[in-house]
Amino acid sequence: MTETGVPERGDMAERRAGGCDATTHVPGGPVREDATTAQDAPPFKEVSAFRIALPQVLASTAKNMLLLDLGMTIAFSTIVIPALRGGNDPKGLSFTPEEASWFSSILFLCQPLGSVLSGVILEPLGRKYAMMVVNLPHLLGWFLLYTAANKVTLYSAAIIMGLGVGFMEAPIITYVGEIAQPRLRGTLTSYANLFASFGMNFIFILGTLVTWRIAAAICLAVPIVTILAISQVPETPVWLMSRGRLKEAENALCWLRGWVTPEHVKKEFDELTRYTERTKLRKIKGVVNPAFTGDDDTVGQQTEKEFEELTMKEKIKDFLRPSMLKPLGLIVGFFVFANFTGITATRPYMVLIARDYNMPLEAYKATVVFGTVGFAGSVSCMLTVAKFKKRPIALFSMLVAGTAASSLCFISHPWISFFSYMALAFSTSYGAQGLVWGLVSEVFPFRGRSMASGLSAASSYLISFTATKSFQSLEELFGLRGLFMFYSTMSFIGFFFLYFMMPETEGRPLEDIQKHYEKNKSKSTADVKSDNIV
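Residues numbered from 1 in each chain as written. Predicted model: local features only at pLDDT ≥ 70, side-chain atom pairs only at ≥ 80, totals over all residues. Heavy atoms only, no water.

Chemist: Give a description of the packing of aromatic side chains that names residues and reports values.
Modeler: One pass over the structure, following the stated rule, counts 27 aromatic pairs. For the pair Phe 340 and Phe 486, a centre-to-centre distance of 6.0 Å together with 90° between the ring planes defines the contact as edge-to-face. Pair noted here: Phe 340 is in the loop between helix H14 (322-339) and helix H15 (343-346) and Phe 486 is in helix H20 (residues 449-501), with a separation of 146 residues, a long-range link. Considering the side-chain rings of Phe 484 and Tyr 487, the 5.9 Å spacing of their centres and the 80° angle between planes classify their relative orientation as edge-to-face. Of the two residues, Phe 484 and Tyr 487 both sit in helix H20, 3 residues apart, roughly one turn of that helix. Each member of the pair Phe 484 and Tyr 487 is classed as buried. (Phe/Tyr/Trp six-rings, centres within 6.5 Å; stacked < 30°, edge-to-face > 60°. Helix = DSSP H or I, 4+ residues; strand = E, 2+ residues; numbered from the N terminus. Buried < 20%, exposed > 50% of the residue type's maximum accessible area, 1.4 Å probe, protein only.)

Dropping the structure here:
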């Protein structure tokens, strides 16, 4: 019992034990352990912007190690295919053109299954532990590539790593969206793309220095480091709140906002609590729930109704609501045009394309240049997204990609072809492929976000598989230059699609973005009802 006459709640002791002892929210208002009122308490010390941003960057960096591995996985076929098609493997392995096309694309075919499953396993495990578990397939995959003595082992490794990349998607996508402040979210999602680009370029560099088998052995260390890094960062506060673990959610938020006390994060904590409550999918059953967060940012007592589990039919009906389907349509369309700028399809064949165009650099060195330019595009996106915003960057990138692909169609000069492909690599990394993953972490409401993220990733890899697997057939049909004209046309169509369909999300709270997609924008999520679902 406190001196104010208000019974001490159970989480007061938890705050003392956890070191966050500055304030406890009770029905009568904030009460300190020393029994002084909030008016008597000294104001808490302000925290610098750098200190607030630093833990969010550190947590994002740990998560981005997964994307480093993802980038290496996607690019690995670029250094394997030339060696096996040229008969240069010490163990005598070789690829026909058809076998090479399957090896480069089968990874994308297997990823959708992993992506859908990732949305299922993400919720019970949580974002953090899911991101640790998904490293296991890659540990096995890199080991199989290093020891491969036949093509069956190579294909098995590609399948396992394809599933592994798919498993990564939902936790990767949702983590930053749920830990970052709105002002940092765009920069941190672009920061993620930087790791994927660096992973690709790292493989291209290894291809000039060592054999592909030694490169696989080096890559084996990355999943191990990733597990250790992720073990040091917190779970997302939103997921913890959705499980009723409010104390842990508060501690996580304190960590993510600069290792501060609950006083510093009270307003954001209460806003996240309301957001989580509003987005729960529930059906009225009817008992008392003692805690609630009021509209005045206080926590008090209120009689509420408890809720029972919904049927599968009701869950599916809820998932198909407009606020889910509209952003899903945007994301799938964006993935189509981002993967058909030409870079996704031609990446496994960069060495062969450099030779066909008689580019002025040795083919393997040219891949390093292209990878570096793509990495520079990712860096540029990270540095400029807060200023220029996502929508203008996406539109600009599609225009540049379309122009560069047109040049590769009509101009055959070695240097012009070289710089045109560089422009294509830069523009694709700058806006087309980097921003779409950032949108996935923002546009879906919390209720259904994991499944929607998994489905989005699945659609991405089905589209990537189509783009990559169709390269050989389309090249035979159109010729290499005609194929680049096809990619140019797709990029220009993508420009108009994004112009009419893509909203600006940069710097906006997740709840505001969700309201943009609601069928009746005058209602909040808590007011949108379907039958007896609230």
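Chemist: Explain the pattern of salt bridges residue by residue, including any values.
Modeler: Applying the stated rule across the entire model yields 8 salt bridges. Among the salt bridges present, the one from Lys 469 reaches Glu 98, with a minimum N-O distance of 3.3 Å. Of this pair, Lys 469 sits in helix H20 while Glu 98 sits in helix H3 (residues 97-125), and the two are 371 residues apart along the sequence. Looking at Lys 469, the relative accessible area reads 17%, which means it is buried. Its relative accessible area of 44% is what places Glu 98 among the partly exposed residues. Residue Lys 266 is joined to Asp 270 by a salt bridge in which the shortest nitrogen-to-oxygen separation is 3.0 Å. Separated by 4 residues within a single helix, Lys 266 and Asp 270 lie in helix H12 (residues 262-278), roughly one turn from each other. A residue is classified by how much of its surface remains accessible, and Asp 270, at 0% relative accessible area, is buried. (Salt bridge = Lys/Arg side-chain N within 4 Å of Asp/Glu carboxyl O.)

Chemist: Outline empty space enclosed by the protein, listing residues and values.
Modeler: A full pass over the atoms with the stated rule returns 4 cavities of 30 Å³ or more. Taken as a whole, the largest cavity encloses approximately 590 Å³ of empty space. Lining the largest cavity are 38 residues, with Asn 193, Ala 196, Met 200, Gln 433 and Trp 437 positioned closest to its centre. Secondary-structure elements contributing two or more residues to the lining of the largest cavity are helix H2 (49-85), helix H6 (151-179), helix H7 (182-209), H14, H15, helix H17 (363-388), helix H19 (414-443) and H20. Broken down by element, the lining of the largest cavity gets its largest block of residues, 8 residues, from H19. Residues belonging to the lining of the largest cavity are distributed by class as follows: 21 nonpolar, 14 polar and 3 charged. Residue lining of the second largest cavity: 13 residues in total, with Thr 73, Phe 76, Phe 103, Leu 107 and Ala 158 positioned closest to the centre. (1 Å grid on protein atoms, 1.4 Å probe; cavity = no way out; pocket = protein on both sides within 12 Å on 5 of 7 lines; lining within 4 Å. Points joined across faces, edges and corners; volume = space filled by probe spheres on them. Nonpolar A, V, L, I, M, F, W, Y, C, P; charged D, E, K, R; others polar.)

Chemist: Give a description of the packing of H7 against H17 that names residues and reports values.
Modeler: Each packed pair of helices is defined by two parameters, the angle between the axes and the distance between the axes. Running from amino to carboxyl end, H7 crosses H17 at an angle of 170°, the nearest separation of the two axes being 8 Å. Taken together, H7 and H17 sit at an angle that is classed as roughly antiparallel. (Axes fitted to C-alpha atoms, helices over the stretch in contact; angles between N-to-C directions. Parallel < 35°, antiparallel > 145°, perpendicular 65-115°, else oblique.)

Chemist: Requested: an account of helix H5 (residues 136-147), with residues and values cited.
Modeler: An α-helix turns once every 3.6 residues. As a result, residues three or four positions apart point the same way. With 12 residues, H5 extends 17 Å from end C-alpha to end C-alpha; this agrees with the ideal 16 Å at 1.5 Å per step. For H5, every residue scored as buried is listed here: Pro 137, His 138, Gly 141, Trp 142, Leu 144 and Leu 145. Buried positions in H5, seen along its axis, are confined to an arc of 160° and lie on one side of it. (Expected span 1.5 Å × (residues − 1). Arc of directions from axis to C-beta.)

Chemist: So, the packing of H14 against H19: which residues are in play, and what are the values?
Modeler: Where H14 contacts H19, the two axes come as close as 10 Å, and the packing angle between them is 160°. What the angle tells us is that H14 and H19 run roughly antiparallel. Between H14 and H19 lies a crossing whose hand is left-handed. Two secondary-structure elements touch here, H14 through Pro 327, Leu 330, Ile 331, Phe 334, Phe 335, Ala 338 and Asn 339 and H19 through Thr 428, Gly 431, Ala 432, Gln 433, Val 436, Trp 437, Leu 439, Val 440 and Val 443. For the contact of H14 with H19, the residue count by class is 12 nonpolar, 4 polar and no charged. (Left-handed = near helix turned anticlockwise from the far one by under 90°. Contact = heavy atoms within 4.5 Å.)

Chemist: Please give an account of unusual backbone geometry that cites residues and values.
Modeler: With a phi angle near 55°, Trp 259 is a residue other than glycine that sits in the positive phi range. Following the sequence through the fold, Trp 259 ends up in the loop between helix H11 (246-256) and H12. Phi is positive for Lys 389, close to 75°, though the residue is something other than glycine. Its location among the elements puts Lys 389 in the loop between H17 and helix H18 (390-410).

Chemist: Got a sec to walk through the nonpolar core? Specific residues and values, please.
Modeler: Among the nonpolar cores identified, the biggest contains 130 residues, and Phe 76, Leu 145, Leu 154 and Phe 484 are the most heavily contacted of them. Here this core takes 17 residues from H2, the largest share from any one element. Aside from chain neighbours lying at most four places away, what touches Leu 145 is Phe 76, Phe 103, Leu 154, Ala 157, Met 161, Trp 212, Arg 213 and Ala 216. (Core = buried A, V, L, I, M, F, W, Y, C linked by side-chain atoms within 4.5 Å.)

Chemist: Could you give an account of H19, with specific residues and numbers?
Modeler: Taking 1.5 Å as the rise per residue, H19 with 30 residues should run 44 Å; its terminal C-alpha atoms sit 42 Å apart, in good agreement. The sharpest bend along H19 reaches about 45° and sits at Thr 428. Burial analysis of H19 places 23 of its 30 residues in the buried class, the great majority of the element. (Bend = angle between axes of the 7 residues up to and from the residue.)

Chemist: So what's going on with a nonpolar patch on the surface? Residues and values would help.
Modeler: Residues Leu 125, Tyr 129, Val 133 and Leu 136 make up a contiguous nonpolar surface patch of roughly 360 Å² in combined accessible area. Residue placement: Leu 125 occurs in helix H3. (Patch = residues over 30% accessible without salt bridge, like charges linked within 9 Å, V, L, I, M, F, W, Y side chains within 5 Å. Areas by Shrake-Rupley, 256 points an atom, 1.4 Å probe, with all protein chains shown as cover.)

Chemist: Residues and numbers for the environment of Gly 258, please.
Modeler: Along the chain, Gly 258 falls in the loop between H11 and H12. In this structure Gly 258 comes out as buried when scored by relative accessible area, which is 0%. Note: C-alpha distance between Gly 258 and Ala 49 (209 residues apart in sequence) is 8.9 Å. Not counting residues up to four positions away in its chain, the partners in contact with Gly 258 are Arg 51, Ile 52 and Pro 55.

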